[in-house]
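The residues making up each chain are set out below.
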Amino acid sequence: ENNAPLDFIREIVAEDLRSNKNGGKVITRFPPEPNGYLHIGHAKAICLDFGVAAENNGRCHLRFDDTNPTKEDTEYVESIINDVKWLGFDFGEHLYYASDYFERMYECAVTLIRKGLAYVCDLSPDEWDEYRGNLSAPGRESPGRSRSVEENLALFERMKAGEFEDGAMVLRARIDMASPNIHMRDPVIYRIRRVHHFRHGDKWCIYPMYDFAHPLEDAFEGVTHSFCTLEFEIHRPLYDWVLQALDFKNPPVQTEFSRLNLTYTVMSKRKLLQLVKEHHVSGWDDPRMPTICGMRRRGIPAAAIRKLCRTVGVTKFEALTDIALLEHCVREELNATAPRYLAVLDPLKVTITNYPAEGVPELDAVNNPEDPSAGSRKLAFTRELYIEKSDFMLEPVKGYFRLAPGREVRLRYGYFIKCEEAVTDADGNVVELKCTFDPETRGGSAPDGRKVKGTIHWVSAETAIPAEVRLYDRLFTVEQPGADGADFLTQLNPGSVKIVEALIEPAPAGLPAGSSVQFERSGYYCVDPDSKPGRSVFNRTVTLKDSWGN
Ligand code: ATP
Ligand code: MG
Ligand code: MG
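Residues numbered from 1 in each chain as written. Chains lettered and ligands numbered in written order. Predicted model: local features only at pLDDT ≥ 70, side-chain atom pairs only at ≥ 80, totals over all residues.

(A) Focus on the overall build of the protein. On a plain count of helices and strands, the protein comes out with 12 helices and 25 strands. Expected size for 550 residues packed as a compact globule is a radius of gyration near 24 Å; at 31 Å, the protein overshoots this value by more than 25%. Principal-axis analysis of the C-alpha atoms gives the protein an extent of 105 × 55 × 45 Å. Counting across all 550 residues of the protein, residues that qualify as buried make up 39%. Summarising the internal contacts of the protein: among those between residues at least 6 apart in sequence, 71% fall at separations of at least 24. (Helix = DSSP H or I, 4+ residues; strand = E, 2+ residues; numbered from the N terminus. Rg over C-alpha atoms; globule rule 2.2 N^0.38 Å. Buried ≥ 20, exposed ≤ 12 C-beta atoms within 10 Å, placed from the backbone. Contact = placed C-beta atoms within 7 Å.)

(B) Representation of the domain arrangement of the protein in the model. Assigned domains of the protein: these are domain 1 (8-257), domain 2 (269-298 + 315-339 + 467-543) and domain 3 (343-456). Contact with domain 2, which involves 13 residues of that partner, is made by 14 residues of domain 3. Taken together, the elements giving at least two residues each to the side of domain 2 that touches domain 3 come down to α12 (323-337) and β22 (497-504). For the side of domain 2 that touches domain 3, the residue count by class is nine nonpolar, two polar and two charged. (Domains from an automatic or database assignment. Nonpolar A, V, L, I, M, F, W, Y, C, P; charged D, E, K, R; others polar.)

(C) Structural detail: the environment of I206. Of note, I206 is situated in strand β7 (residues 206-208). Remark: the alpha-carbon pair of I206 and I182, spanning 24 residues in sequence, is separated by 23 Å. In this view, I206 contacts M159, K160, Y190, R191 and I192; residues no more than four positions away in its chain are not counted.

(D) Local environment of the packing of helix α11 (residues 302-312) against α12. Remark: α11 packs on α12, axes separated minimally by 8 Å, with the N-to-C direction vectors making an angle of 130 degrees. Taken together, the axes of α11 and α12 lie oblique to each other. For the crossing formed where α11 meets α12, the hand is right-handed. Facing A303, A304, K307, L308 and T311 of α11, the residues of α12 in contact are L325, L326, C329, V330 and E333. The class makeup of the residues in the contact of α11 with α12 is seven nonpolar, one polar and two charged. (Axes fitted to C-alpha atoms, helices over the stretch in contact; angles between N-to-C directions. Parallel < 35°, antiparallel > 145°, perpendicular 65-115°, else oblique. Left-handed = near helix turned anticlockwise from the far one by under 90°.)

(E) Here's a closer look at helix α3 (residues 74-86). Helix length check: α3, at 13 residues, gives a terminal C-alpha distance of 18 Å against a target of 18 Å (1.5 Å per residue), a fit within 8%. When we look at burial in α3, the residues that qualify are Y76, S79, I80, D83 and V84. With its buried residues spanning 130 degrees around the axis, α3 presents them on a single face. Facing away from the buried side of α3 by over 90 degrees, the exposed positions are T74 and E78. (Expected span 1.5 Å × (residues − 1). Arc of directions from axis to C-beta.)

(F) Representation of α12 in the model. In this model α12 runs 21 Å from its N-terminal to its C-terminal C-alpha over 15 residues, within 8% of the 21 Å that 1.5 Å per residue would give. Within α12, burial applies to I323, L326, E327, H328, C329, V330, R331, E333 and L334. Residues of α12 that are buried make contact with α11, β23 (516-519), β24 (523-527) and β25 (537-543).

(G) Region of the structure containing the nonpolar core. Counting 93 residues, the largest nonpolar core has A343, Y386 and V459 as the members making the most contacts within it. Of all the elements, helix α2 (residues 40-55) adds the most residues to this core, at nine residues. If you look at the next biggest cluster of nonpolar residues, it comprises 36 residues, including F64, M105, L112 and L171. (Core = buried A, V, L, I, M, F, W, Y, C linked by C-beta atoms within 7 Å.)

(H) Structural detail: the site of ligand 1. Neighbouring ligand 1 are 14 residues, the closest being P32, G41, T229, R259 and K269. Counting only elements with at least two residues in the shell around ligand 1, the list comes to α2 and β8 (225-229). Looking at the shell around ligand 1, the element that brings in the most residues is α2, giving four residues. A per-class count over the shell around ligand 1 returns six nonpolar, four polar and four charged. (Near = placed C-beta within 6 Å.)

(I) How the structure looks around the sheet that holds β23. With respect to topology, seven strands assemble into an open sheet ordered β10-β23-β24-β25-β21-β22-β11, the strand pairing being mixed. Strands at the two margins of the open sheet, each flanked by one partner only, are β10 (340-341) and β11 (343-344). Sitting on the sheet, α12 touches β23, β24 and β25, and the angle it makes with β25 is about 120 degrees. (Pairing = 2+ DSSP bridges.)

(J) View of the environment of Y239. In this structure, Y239 sits in helix α8 (residues 236-245). Y239 sits in the buried class, given 24 other C-beta atoms within 10 Å. With 24 residues separating them along the chain, Y239 and P215 place their C-alpha atoms 5.5 Å apart. Setting aside its immediate chain neighbours within four residues, Y239 contacts H214, P215 and Q254.

Structural data, given as structure tokens:
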């Protein structure tokens, strides 16, 4: 894989290296909040944070931003670690928890108070809102703003000691109540909240706000470049203010980029949680979910996700990426790596009426035409076979070149067969085809030079193994679920999964969970962890038809 092309963020990093701004160091971080599973949007941030570090001999920290304990949990911590590694990135020893800095953050808040740069405010939430003003009106000063340093120190210590009710008071930075940027109007930096922290229990009843905690976390770790999504642009003056007020030398610099948005996909944690909790999907790792674990289970290779992120690039423009591009990246990757097999998803029986009593030697089938090292395998050609129902038409329409009464097709890796008779049931449904095969066409061509237009796949009825195949499609029917005030749940695709009983050739039947294969003429599939010995379950990753660039 090539390094990503130079984007505006990589230009900034390159310039900082040229000017020796950080002594040649590049230290980045990926800071997820452990309150949900990672999704493909996070992958964009991960590829940027880890990519920029790796390309510049730097390092990237995985830091759990666990300063808001209400929805955080170790379940999420473990899944995030696993997903970052699976995506192909290495944080080495550099795994951190923001909550481990609570003591230092508290000390920083005390320092601000001592410098007259923070004060305790006991306005009620309603008053607070009103005092803050709005875009056209400056804010008003809270009565707490004029408290003495000693009073503030004493009150803040009592906040920490648990002497006050939740919400009774907050610690605010003393900046500028007339700032045109509302975030600079004496923002709250600590609040009282009696919530259990999944790592620190009930040790703390005051918790720092994100805008105060995040620059400190970056600075404590010596981060040089702090990348985040565009919605934090307006918070950047506060990020810089905190670090300057506390005299950090050579402070980290925040740079914002636009998030990844994909068509037919929701990415908000709240909506993903709702899909799981209300059982619209089977779990976080449902193969239809845009989560990393869902995509892994679907069979999407990590390399395809990295490729998508590289192709989309890093800019400041809000964009909606066509999910067809992801599917294209998946096909490109799997085309190179996935072994080919034959599977019939909707079987129609074929009997070869001129099948010789002594049998027919096994056929040779190439495992991957894109990869000669993948070798070949043997296929049994037997008297009874199955083909796909859709590969036969009783009355063929114009342009249909597959099997029909009196017509000849090529069986993949096998012989030409000719349909001599279609057997129908009482309702007129075709239930079996009686065919003859031409022994001279072994290998796929006729010595007399006659041509056939269609090649179809098949399995031997004698050796085929039944398997469950889960045919996945997009989870939503519209490009932007939930847009224009719509309820995204009403836009779920009722056909996003269809389960069929297929017949597969024996070779892929015992493959371990996670293996990717191509079922020829059908799509790429991945062995699901629900598989049991003797009973394979395959998830369709994507069909073969690429709609990208059409
Ligand atoms: P939500 O807003 O749904 O709660 P989040 O973005 O706050 O999700 P975090 O765990 O805080 O979730 O995200 C970790 C990092 O991933 C952040 O730096 C965030 O900017 C980045 N990120 C999240 N979603 C996307 C996205 N769609 N595209 C690019 N980066 C993203
Ligand atoms: Mg966040
Ligand atoms: Mg968020």
